[in-house]
Amino acid sequence: MHAYALIPTALIAALALGACGTTTTSRTGSGAAFGAATGAAIGSLSGDAGKGALIGAGAGALGGFLYDRDQKAQGR
C-alpha cells in the first residue's frame, strides 16, 4: 500500500521539474526525460516499468512541447 503513496509524489516532482529550459528542444527533452522516469516508477507498480516509461516519455515530450509553445506565445 505504501508504494501507491509514491504516485502523487512522483507526479508532482515531474510537473515541477518538467519542461525546464529555454528552447523547444530542451523543454521537450526534459519533459520526455521526467515523464519517462515518472512513467517507469508508476509502471513498476503494475509490473510493466518499460511500458510506463514509454507512455510517460511520450506524454512528457508532448507536455514540454506545449509548455514551450505557451511560453513563446507569452514572449518568454
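Residues numbered from 1 in each chain as written. Predicted model: local features only at pLDDT ≥ 70, side-chain atom pairs only at ≥ 80, totals over all residues. Heavy atoms only, no water.

**Q** Go over the overall build of the protein, please, and point to the residues and values.
**A** Broken down by element type, the protein carries 3 helices and 0 strands. Counting from the amino terminus, the protein carries its helices and strands in the arrangement α-α-α. Burial statistics for the protein: of 76 residues in total, 22% are counted as buried. Intrachain contacts of the protein at a sequence separation of at least 6 include 55% that bridge at least 24 residues. Here the protein has roughly 4700 Å² of accessible surface; of this, 72% comes from carbon and sulfur atoms. (Helix = DSSP H or I, 4+ residues; strand = E, 2+ residues; numbered from the N terminus. Buried < 20%, exposed > 50% of the residue type's maximum accessible area, 1.4 Å probe, protein only. Contact = heavy atoms within 4.5 Å. Areas by Shrake-Rupley, 256 points an atom, 1.4 Å probe, with all protein chains shown as cover.)

**Q** Report on the pattern of salt bridges, specifying residues and quantitative values.
**A** In this structure the tally under the stated criterion is 3 salt bridges. Here D68 ties to K72 by a salt bridge, and the two come within 3.6 Å at their closest N and O atoms. Remark: K72 and D68 occur in helix α3 (residues 49-73); sequence separation between them is 4 residues, near one turn of the helix. For K72, a relative accessible area of 39% puts it in the partly exposed group. The network of salt bridges with shared partners includes R27, D68, R69 and K72. (Salt bridge = Lys/Arg side-chain N within 4 Å of Asp/Glu carboxyl O.)

**Q** Residues and numbers for a nonpolar patch on the surface, please.
**A** A contiguous nonpolar patch, built from L62, F65 and L66 and spanning about 280 Å² of accessible area, is present on the exposed surface. Here F65 lies in helix α3. On the basis of relative accessible area, F65 is assigned to the partly exposed category, the value being 35%. (Patch = residues over 30% accessible without salt bridge, like charges linked within 9 Å, V, L, I, M, F, W, Y side chains within 5 Å.)

**Q** Just give me the short version of the environment of Q71, but keep the residues and values in it.
**A** Relative to the assigned elements, Q71 resides in helix α3. Taking the C-alpha atoms as reference points, Q71 and T24, 47 residues apart in sequence, are found 9.9 Å from one another.

**Q** Let's hear about the confidence of the model for the protein: which residues, and what values?
**A** Residues of the protein with pLDDT of at least 70 account for 74%, and the chain-wide mean is 81. Taken element by element, the predicted model of the protein shows its lowest mean pLDDT in helix α1 (residues 6-17) (64) and its highest in α3 (90). (pLDDT = per-residue confidence, 0-100.)

**Q** Give me α3: which residues, what numbers.
**A** For α3, which comprises 25 residues, the first-to-last C-alpha distance of 35 Å matches the rise-based estimate of 36 Å (1.5 Å per residue) to within 8%. For α3, the complete set of buried residues consists of G52, A53, G56, G60, A61, G64, D68 and Q71. The secondary structure elements touched by the buried residues of α3 are α2 (24-46). Following α3 by one or two positions, G75 adopts a phi angle in the positive range, close to 80°. (Expected span 1.5 Å × (residues − 1).)

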